[in-house]
Amino acid sequence: MSNVVIVGAQWGDEGKGKVVDLYSEWADAVVRYQGGNNAGHTLVVEGKKTVLHLIPSGVLHQGKTCVIGNGVVVDPKVLLVELDALKAQGRDLLAEGTLAISESAHVILPYHCTLDAARENFKGERKIGTTGRGIGPAYTDKVGRDGLRMAEFIRPACFRKHLEESLSFKNDILTKVLGEKPVDVEAVFDEYCAYAERIRPAVLNCGVLLDEQRKAGKKILFEGAQGTLLDVDHGTYPYVTSSSTVSGGAAIGAGVGPVFLDKVIGISKAYTTRVGEGPFPTELFDDVGKGIAERGAEFGATTGRPRRCGWLDALVLKHAVRVNSLTGLAVTKLDVLSGMNEVRIATAYDTPEGRVHEVPAARDVLAEAKPVYETMEGWGDARDARHFSELPAAARRFVDRIEELTGIPVVLLSVGPGREETIVRENPFS
Ligand code: GDP
Ligand code: IMO
Ligand code: MG
């Protein structure tokens, strides 16, 4: 097996960054394939915390090729801030030549962020609760065939032409519909040309690069952002992000065919969190939820917003198994449930249309869904366990039950944020 996809099995922030960092040891290249800097992936190595928004989470291992695929929307300003922060720590990816940015990836420009905020304002109570990073408007431009790709961005004449054409329309929308200030072509051009100049050497055809790596027998790790329930097709629409977060998105967003992908590992917390608006059936509003939020330090890695917390949801996980073809599950934050008398897992919902065992598509039905729970015994401290057998018996039963409910093996358990606070039960590349 040479190629592995990591996807979030819930609503994001499952601990994908930590797992990708761990698995990167066995990989030659790590590829982001969708989303943008709405993602916040946290790595804790030797007690030091690093949060990555665009650069693949394999970067803390020397010599891995870091690829930003065509399916990603790239804010060049944010990318350069991230690259400069890594450079200050002694890793100059541009000089090393270990970063590749797809020439077909779309560019986020400042007016995408303005439009993101203005649309949310306009929606008022119906807002999505976006990260405000311009993700939706950038993908809207891509699908609406009015986007700017890296290949044109790094060619000043093409970049200027795009800005003039696109802004002649967008400035009307901004000023006449949304009551915002118009965007000045020259100001954006001057600022962003300087960014384009810096990243130009890294912009290339990443599909060709990955194909060459495959032919050379290299191992490739695909790093999903967000989570299955935030997928534009398979998530809790319209409270989703604007990309295909599921495993199929890895093929499209990296420029490889679907048979290129050998294994798909879903990442799930031992409970559930969500940041932003939208239905969340197992959400807890009581002290139990507050306790999980506190122990789990549940604040967004990108926006700092508090994450909503609730019990594990087997309907969500089964949905993720099916739409991603998950071959294994990594369960994180098992330590956060330590010290509770009992823990719960939702196995069905009661809805106005009756009892259901699949996540309903209709937003109003999902919003009304009341979870039906299975209750299990809680456990004591799990943080020191490094082998499955070292976990408290009740925690092992919880993991076994997750395997029964999802029908797939739990291949990794995480008992703390640190790289070493992990129980690896299987190497997905072997
Ligand atoms: P991602 O977006 O999926 O990469 O996840 P985030 O980094 O946004 O959020 C996960 C948070 O949980 C980060 O702060 C991690 O450091 C932390 N984390 C990951 N695994 C564990 C774990 O097993 N236990 C605890 N306590 N924290 C964890
Ligand atoms: P990682 O990769 C959690 C959520 C936002 C909002 C919705 C749409 O760290 O798991 P967007 O800015 O994408 O248009 O917002 O999606 N969202 C995330 N939630 N983790 C993420 O990324 C997220 N990226 C976007 O909160 O509800
Ligand atoms: Mg995150």
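Everything that follows concerns the structure shown earlier in this document.
Residues numbered from 1 in each chain as written. Chains lettered and ligands numbered in written order. Predicted model: local features only at pLDDT ≥ 70, side-chain atom pairs only at ≥ 80, totals over all residues. Heavy atoms only, no water.

## A look at the coordination of the magnesium ion (ligand 3)
Donor atoms from the polypeptide that bind the magnesium ion (ligand 3) are Asp13 (OD) and Gly40 (O), placed at 2.0 to 2.2 Å. A residue pair is termed long-range when its members are at least 10 positions apart, and Asp13 in the loop between strand E1 (3–8) and helix H1 (16–24) and Gly40 in the loop between strand E2 (29–32) and strand E3 (41–45) qualify at 27 residues. With relative accessibility at 11%, the residue Gly40 sits in the buried group. (Donors = N, O, S within 2.8 Å, 3.2 Å for Na, K, Ca; no water. Helix = DSSP H or I, 4+ residues; strand = E, 2+ residues; numbered from the N terminus. Buried < 20%, exposed > 50% of the residue type's maximum accessible area, 1.4 Å probe, protein only.)

## Observations concerning the site of ligand 1
Taken together, 18 residues are adjacent to ligand 1, and Lys16, Gly40, Thr42, Asp335 and Ser414 come closest. Contacts to ligand 1 include Gly40, whose backbone N or O atom sits 2.8 Å from an oxygen atom. Side-chain polar atom of Thr42 to an oxygen atom of ligand 1: 2.6 Å apart, as the coordinates give it. Protein chains shield 92% of the accessible area of ligand 1, which is 580 Å² for the free molecule. Of all the secondary-structure elements, those providing two or more residues to the shell around ligand 1 are H1 and E3. For the shell around ligand 1, the element with the most residues is H1, which contributes three residues. Classifying every residue of the shell around ligand 1 by side-chain character gives four nonpolar, seven polar and seven charged. (Near = heavy atom within 4 Å. Polar contact = N/O pair within 3.5 Å; in protein donor to acceptor, adjacent residues only side chain to side chain. Areas by Shrake-Rupley, 256 points an atom, 1.4 Å probe, with all protein chains shown as cover. Nonpolar A, V, L, I, M, F, W, Y, C, P; charged D, E, K, R; others polar.)

## Structural notes on the sheet that holds strand E9 (residues 203–204)
Pairing between the strands of a sheet comes from backbone hydrogen bonds, and it takes one of two forms, parallel or antiparallel. The sheet built from 10 strands is open, its strands ordered E9-E7-E5-E2-E10-E1-E11-E15-E19-E20 with mixed pairing. Two strands lie at the open edges of the sheet, namely E9 and strand E20 (422–424), each paired on one side alone. Pairing of strand E5 (residues 65–68) with strand E7 (residues 99–102), which is carried by three bridges, proceeds in the parallel orientation. Considered in E7, the bridge of Cys66 is made with Leu99. Where H1 meets the sheet, it contacts E1, E2, strand E10 (220–223), strand E11 (263–269), strand E15 (328–332), strand E19 (410–414) and E20, and its direction lies at approximately 165 degrees from that of E1. (Pairing = 2+ DSSP bridges. Contact = heavy atoms within 4.5 Å. Axes fitted to C-alpha atoms, helices over the stretch in contact; angles between N-to-C directions.)

## Some remarks on the pairing of E2
Alternating positions in E2 separate into two faces, Ala29 and Val31 on one and Val30 and Arg32 on the other, with burial throughout. Judged from the four bridges that link them, E2 and E5 form a sheet pairing that is parallel. Paired with Arg32 across the strands is Ile68, a residue of E5. One ladder, built from four bridges, connects E2 with E10; its direction is parallel. When the bridges of E10 are listed, Arg32 appears paired with Glu223.

## Considering the nonpolar core
Generally speaking, a soluble globular protein has its nonpolar side chains buried in company with each other. Phe222, Leu334, Leu391 and Phe398 are the most contacted members of the largest nonpolar core, which totals 56 residues. Of the residues forming this core, the biggest block, six residues, is contributed by helix H14 (residues 393–406). Apart from the residues within four sequence positions on either side, Phe398 is in contact with Ala270, Leu312, Leu334, Leu337, Val343, Ile345, Met376 and Trp379. Counting residues in hydrophobic clusters, the runner-up holds 40 residues, among them Val74, Ile101, Cys193 and Tyr195. (Core = buried A, V, L, I, M, F, W, Y, C linked by side-chain atoms within 4.5 Å.)

## Re the side chain of Glu298
Mapped onto the fold, Glu298 is located in the loop between helix H11 (287–295) and strand E13 (308–310). Here the side chain of Glu298 touches Lys269 through a polar contact of 3.1 Å, side chain to side chain.

## Observations concerning the site of ligand 2
In the vicinity of ligand 2 lie 20 residues, with Asp13, Lys16, His41, Thr131 and Thr241 positioned nearest. One of the side-chain N or O atoms of Thr241 is found 2.6 Å from an oxygen atom in ligand 2. With respect to ligand 2, the side chain of Arg305 contributes an N or O atom lying 2.9 Å from an oxygen atom. Against a free-state accessible area of 560 Å², the protein chains account for coverage of 98% of ligand 2. A majority-of-atoms criterion places ligand 2 in the largest pocket. Looking at the shell around ligand 2 residue by residue, the classes come out as seven nonpolar, 10 polar and three charged. (1 Å grid on protein atoms, 1.4 Å probe; cavity = no way out; pocket = protein on both sides within 12 Å on 5 of 7 lines; lining within 4 Å. Sits in = over half its atoms within 2 Å of the grid points.)

## A look at the pattern of salt bridges
One pass over the structure, following the stated rule, counts 29 salt bridges. Of the charged contacts, one joins Glu14 and Lys16 as a salt bridge, the two residues approaching to 2.8 Å between their closest N and O atoms. The pair Glu14 / Lys16 is uniform in exposure class, with both members buried. Each of the salt bridges in this network shares a partner with another, and the network as a whole consists of Asp13, Lys269, Glu298, Arg307 and Lys333. (Salt bridge = Lys/Arg side-chain N within 4 Å of Asp/Glu carboxyl O.)

## Here we look at the layout of surface pockets
Space inside the largest pocket adds up to approximately 820 Å³. Lining the largest pocket are 42 residues, with Ile128, Thr130, Val240, Thr241 and Ser242 positioned closest to its centre. Looking at the lining of the largest pocket, the elements with two or more residues in it are helix H4 (110–123) and helix H5 (135–143). Among the elements that take part in the lining of the largest pocket, H5 stands out by supplying six residues, more than any other. Counted as a void, the second largest pocket has a volume near 650 Å³. Taken together, 27 residues make up the lining of the second largest pocket; nearest its centre are Thr42, Gly296, Arg307, Lys333 and Pro417. The set of elements that each furnish at least two residues to the lining of the second largest pocket consists of H1, E3 and strand E4 (48–52). Among the residues forming the lining of the second largest pocket, the class breakdown is seven nonpolar, 10 polar and 10 charged. (Points joined across faces, edges and corners; volume = space filled by probe spheres on them.)

## Description of H14
With 14 residues, H14 should cover 20 Å at 1.5 Å per step; its first-to-last C-alpha distance of 20 Å lies within 8% of that length. Of the residues making up H14, those classed as buried are Ala394, Ala395, Phe398, Val399, Ile402, Leu405 and Thr406. Angular distribution of buried residues about the axis of H14 spans 145 degrees; they occupy a single face of the element. On its buried face, H14 is in contact with strand E14 (312–313), helix H12 (314–324), E15, strand E16 (342–351), strand E18 (370–377) and E19. Just downstream of H14 lies Gly407, where phi reads positive at about 80 degrees. (Expected span 1.5 Å × (residues − 1). Arc of directions from axis to C-beta.)

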